[in-house]
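# Structural description and commentary
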Amino acid sequence: MATLVRYNNFPTFFNPFYSRPVINRFQNTSPNVPAVNVKETETEFVLELAAPGLKKEDLKINVEANKLTIGYQSEVKSEETTEKFTRQEFGFTSFERSFRLPKTVNADAIKAAYTDGILTVELPKIEVKEEKQVKEIAIA
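In this text, all values refer to a predicted model and were calculated from it rather than measured experimentally.

### A word on the overall build of the chain
What the chain contains, in helices and strands, is 1 helix and 7 strands. Counted from the first residue to the last, the chain has its helices and strands arranged as α-β-β-β-β-β-β-β. Counting every position in the chain, which comprises 140 residues, the buried fraction comes to 19%. When the accessible surface of the chain is totalled, it reaches about 12,600 Å², and 51% of it is carbon and sulfur.

Next up, the structure:
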């Protein structure tokens with residue numbers, strides 16, 4: 001019995017899904033955005049953002065209209081001077097990551113801490129009273 005072999009006669013640029021491994025397709029394409037772990041407990045959500053080597057003074061956390069934004073911006077200057085040569089280099093590093101908060105998060109009690117390169121943001125939950133969607137109307 002002959003072995004059946006299927007050959008792809010089309011070059012790979014016609015179909016980009018077959019040219020890359022499956023794992024690489026879903027990786028983060030922007031390397032400036034740090035990875036985040038999100039945990040949920042009975043009383044709170046916890047965000048852990050991997051940000052090694054950053055200064056906590058440059059990190060900014062804002063909450064506006066149920067949207068939590070974590071951002072970082074830093075300017076690095078280095079200057080090297082010799083008798084005939086001067087070189088200056090400016091480097092800007094920044095990222096911004098946003099999360100939509102559920103209605104059960106108490107935005108007034110959010111806490112954040114930066115330790116050992118990990119930014120931990122604690123989002124405490126509150127109990128939201130659900131309004132009754134179905135309302136019965138009495139006929140007069």
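### Some thoughts on the sheet that holds strand β6 (residues 111–115)
Through backbone hydrogen bonds, the strands of a sheet pair up, either in parallel or in antiparallel fashion. With antiparallel pairing, the 4 strands of this open sheet are ordered in space as β1-β2-β7-β6. Strands at the two margins of the open sheet, each flanked by one partner only, are β1 (36–40) and β6. Neighbour-to-neighbour, the strand axes of this sheet turn through a mean angle of 15°, independent of strand direction. Examined bridge by bridge, β6 and strand β7 (residues 118–124) share 5 bridges and lie antiparallel to one another. From the neighbouring strand, K111 faces β7, where its bridge partner is E122.

### Here we look at unusual backbone geometry
In this structure, A65 takes a positive phi of about 50° despite not being glycine. For A65, the location among the structural elements is in the loop between β3 (59–64) and β4 (67–81). In this structure, D116 is a non-glycine residue whose phi angle is positive, near 55°. Tracing the backbone through its elements, the reader meets D116 in the loop between β6 and β7.

### Details of the side chain of E44
Examined against the element boundaries, E44 turns out to sit in strand β2 (residues 44–50). Buried within the structure, E44 lacks any salt-bridge partner; its nearest side chain of opposite charge belongs to K111, at an N-O separation of 7.1 Å. Setting aside residues no more than four positions away along its own chain, E44 makes contact with K39, E122, L123, P124 and K125.

### A closer look at the packing of aromatic side chains
Tallying each qualifying case throughout the model produces 1 aromatic pair. Consider the rings of Y72 and F95, whose centres lie 5.9 Å apart with planes at 20°: the pair is stacked. With Y72 in strand β4 and F95 in strand β5 (residues 86–100), the pair connects residues that are 23 residues apart, well separated along the chain. Assigned by exposure class, Y72 and F95 land together as buried. Over the aromatic face of F45 sits the side chain of K125, whose NZ or CZ is 4.8 Å from the ring centroid.

### A few points about the side chain of T69
Inspection of the secondary structure puts T69 in strand β4. A polar atom in the side chain of T69 sits 3.4 Å from the side chain of S98.

### Things to note about the environment of P102
When you line up the elements, P102 lands in the loop between β5 and β6. Given the relative accessible area of 35%, P102 is considered partly exposed. For the pair P102 and K125, spaced 23 residues apart in the sequence, the C-alpha separation amounts to 9.2 Å.

Criteria and cut-off values
Residues numbered from 1 in each chain as written. Predicted model: local features only at pLDDT ≥ 70, side-chain atom pairs only at ≥ 80, totals over all residues. Heavy atoms only, no water. Helix = DSSP H or I, 4+ residues; strand = E, 2+ residues; numbered from the N terminus. Buried < 20%, exposed > 50% of the residue type's maximum accessible area, 1.4 Å probe, protein only. Areas by Shrake-Rupley, 256 points an atom, 1.4 Å probe, with all protein chains shown as cover. Pairing = 2+ DSSP bridges. Axes fitted to C-alpha atoms, helices over the stretch in contact; angles between N-to-C directions. Lys, Arg positive; Asp, Glu negative; His and termini not counted. Salt bridge = Lys/Arg side-chain N within 4 Å of Asp/Glu carboxyl O. Contact = heavy atoms within 4.5 Å. Phe/Tyr/Trp six-rings, centres within 6.5 Å; stacked < 30°, edge-to-face > 60°. Lys NZ or Arg CZ within 6 Å of the ring centre and 35° of its normal. Polar contact = N/O pair within 3.5 Å; in protein donor to acceptor, adjacent residues only side chain to side chain.

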